[in-house]
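Structural characterization, general
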Amino acid sequence: MAKKKQDGENGSGLSRRRLLGAAGAAGAGGLVVGAAGGAVGASMASDDGGSGARLTSLGTTAVPFHGTRQPGITTPAQARTVLVAYDLEPGTDRAGTAALMRRWSDTAARLGRGERPDADGQVALDAGPSSLTATFGFGGSLFDKLGLADRRPGALKALPSFPDEELDATRSDGDMLVQVCGDDALVCFHAVRTLQRLARGVARVRWQMTGFTRSPGATLRPMTHRNLMGQVDGTGNPQTGDADFDAKIFIGDEGAAGGAAWARGGSYVVVRRIRMLLDAWDDLDVPAQEHVIGRRKDTGAPVTGGDERTEPDYGRRGPDGRLVIAENAHIRVSAPEFNRDATMLRRGYSYHDGFRPDGTPDAGLLFIAWQADPRQGFVPVQQKLARGDALSAFVRHETSGLFVAPPGCPEGRYVGQELLEA
Ligand SMILES: C=CC1=C(C)c2cc3[nH]c(cc4nc(cc5[nH]c(cc1n2)c(C)c5CCC(=O)O)C(CCC(=O)O)=C4C)c(C)c3C=C
Ligand SMILES: [Fe+2]
């Protein structure tokens, strides 16, 4: 039986719901429920060759594509992501782009239910939907190419340059972004390949990045994910239950002003490939690493004490009179309370693309942050981090992109329809 996973949890990757689902606790707060539209997933799940063995709920879990929000934003982070940016082929017009968005939306909905597209390569034949999501975004260049400058939302401006970034333009920006996430690598590949085939003649791949995080069930109990520096990463994320969550993460009336009414309920995503200088990081002992972040490495608790969920005591001083959470500690420099409440939903993934010629890992963080307005979220925070974050010495920003993700769509419509057909 296919399971439907509802959106909404912290974006930290805290996988409580998904682990409960995997344990078969369908009654957990009603969060994992039997799915409508699960006919195909159900038939796949029960296609057990007569052995009686069943797919676990990891394979059968389905995330609905249709709704007021696109999936893949507040959806608890799946184990894998593939980010693919596209540029329109020369000559592609608004109608061609609209037709592509309809094909992509219809196919994403079917794949999310575990259905197989026509002329399928059968790559994921045996697998269930595995929490597959596809999330679509538009870059600023798309509006210029399609003559839609008057409908471009005000915050979709080129990001400013930041000190010390080393950006590769060929792996930055793009007319469109497709974020595919899922709990199975084959399922993700299948979706990426299917969507790419549908784009032939309309848009071509500009860049692609692949990321991973912890698989559901890898830990004994639900835990916030760790990044490749070994830190618990995601603790400070806003929670979907916060009173102002929607206003901070999704575009409201102000952001949809002018000709951008179509964007109301959408969200901006900043994508940065940030390489970690892991050999240099490993040279620090654990107390020094904790000093850089302001949190303990083992538990993720603030260095001022307590557990992961304890509020940091930013005023506390040690016997030497120095602030226990240092002036340049990453959490102090980035926290909303020191940045005019600047808030992002960080939903990043690790990447590892082998080793560089000097033997250092080509590895780090695909920083993916969702927000209602990057001018009040990512930009001021990154400006401050670039000036005085102790972590800066151990990371390099290599690529950058800003995209606006339209709101979700109901069945029968496609993502971006209000923009492309208005
Ligand atoms: C511009 C925004 C940010 C960038 C870029 C960024 C890069 C980055 N961060 C880590 C590791 C951690 N970040 C943590 C917290 C944290 N980071 C940001 C913003 C950016 N990080 C914010 C807003 C916060 C939350 C601060 C708070 O409210 O307390 C943490 C602590 C745990 C957590 O809250 O997630 C870690 C660890 C890396 C490795 C990195 C670049 C590679
Ligand atoms: Fe951070």
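None of the values given here were measured: they were computed from a predicted structure.

Secondary structure summary: the protein contains 12 helices and 12 strands in total. For the protein, the residues scored as buried account for 50% of the 422 residues in total. For the protein, the proportion of contacts with a sequence separation of at least 24, taken over those separated by at least 6, is 78%.

Turning our attention to the site of ligand 1. The full set close to ligand 1 counts 27 residues, and Gln231, Thr235, Gly236, Ser334 and Ala335 are the nearest of them. Of all the elements in the fold, those that place two or more residues in the shell around ligand 1 are strand S8 (267-276), helix H10 (330-334), strand S11 (361-371) and helix H11 (378-388). Looking at which element gives the most residues to the shell around ligand 1, the answer is H11, with four residues. Its residues assigned to classes, the shell around ligand 1 comprises 16 nonpolar, nine polar and two charged.

Contact geometry for helix H4 (residues 94-112) and helix H6 (residues 185-198): axes closest at 10 Å, N-to-C directions at 155 degrees. In terms of orientation, H4 and H6 fall into the roughly antiparallel class. The handedness of the crossing between H4 and H6 comes out as right-handed. Seen from H4, the contacting residues are Leu100, Arg103, Trp104, Thr107 and Leu111; seen from H6, they are Ala191, Thr194, Leu195 and Leu198. Looking at the contact of H4 with H6 residue by residue, the classes come out as six nonpolar, two polar and one charged.

With that settled, the discussion passes to the pairing of strand S5 (residues 133-139). Along S5, seven of the seven residues are buried, which leaves the element largely enclosed by surrounding structure. Burial of the side chains of S5 extends over both faces: Thr133, Thr135, Gly137 and Gly139 are buried on one face and Ala134, Phe136 and Phe138 on the other. In this sheet, strand S6 (residues 176-182) lies alongside S5 in antiparallel orientation, the contact comprising six bridges. The residue of S6 that forms the bridge with Gly137 is Leu177. Direction of pairing for S5 relative to strand S12 (residues 395-405): antiparallel, over a ladder of two bridges. Across the sheet, Gly139 pairs through a bridge with Phe403, a residue of S12.

Unusually for a residue other than glycine, Asp173 sits at a positive phi of about 55 degrees. Positionally, Asp173 belongs in the loop between helix H5 (140-145) and S6. Taking the number of C-beta atoms within 10 Å as the measure of exposure, Asp173 has 23 and is therefore buried. The phi dihedral of Asp341 is positive, around 70 degrees, even though this residue is not glycine. By the secondary structure assignment, Asp341 is in the loop between H10 and strand S9 (345-346).

Turning our eyes to something else, we now look at the confidence of the model for the protein. On average, the protein scores 89 in pLDDT, and the residues at 70 or more come to 87%. A low-confidence stretch, residues 1-47 (pLDDT under 50), is modelled with 115 contacts involving residues beyond four sequence positions or located in other chains. This prediction of the complex comes with two scores: 0.91 for pTM and 0.99 for ipTM.

Now for the pairing of S11. Burial analysis of S11 places eight of its 11 residues in the buried class, the great majority of the element. Here two bridges tie S9 to S11, and the two strands are oriented antiparallel to one another. Across the sheet, the residue bridging to Leu345 is Trp370, located in S11. When strand S10 (residues 349-355) meets S11, the two strands line up antiparallel, connected through five bridges. Looking across to S11, one finds that Ser350 is bridged to Leu365. Hairpin connection between S10 and S11: a loop of five residues separates the two successive antiparallel strands, and Gly359 in this loop has a positive phi of roughly 90 degrees.

Criteria and thresholds
Residues numbered from 1 in each chain as written. Chains lettered and ligands numbered in written order. Predicted model: local features only at pLDDT ≥ 70, side-chain atom pairs only at ≥ 80, totals over all residues. Helix = DSSP H or I, 4+ residues; strand = E, 2+ residues; numbered from the N terminus. Buried ≥ 20, exposed ≤ 12 C-beta atoms within 10 Å, placed from the backbone. Contact = placed C-beta atoms within 7 Å. Near = placed C-beta within 6 Å. Nonpolar A, V, L, I, M, F, W, Y, C, P; charged D, E, K, R; others polar. Axes fitted to C-alpha atoms, helices over the stretch in contact; angles between N-to-C directions. Parallel < 35°, antiparallel > 145°, perpendicular 65-115°, else oblique. Left-handed = near helix turned anticlockwise from the far one by under 90°. Pairing = 2+ DSSP bridges. pLDDT = per-residue confidence, 0-100.

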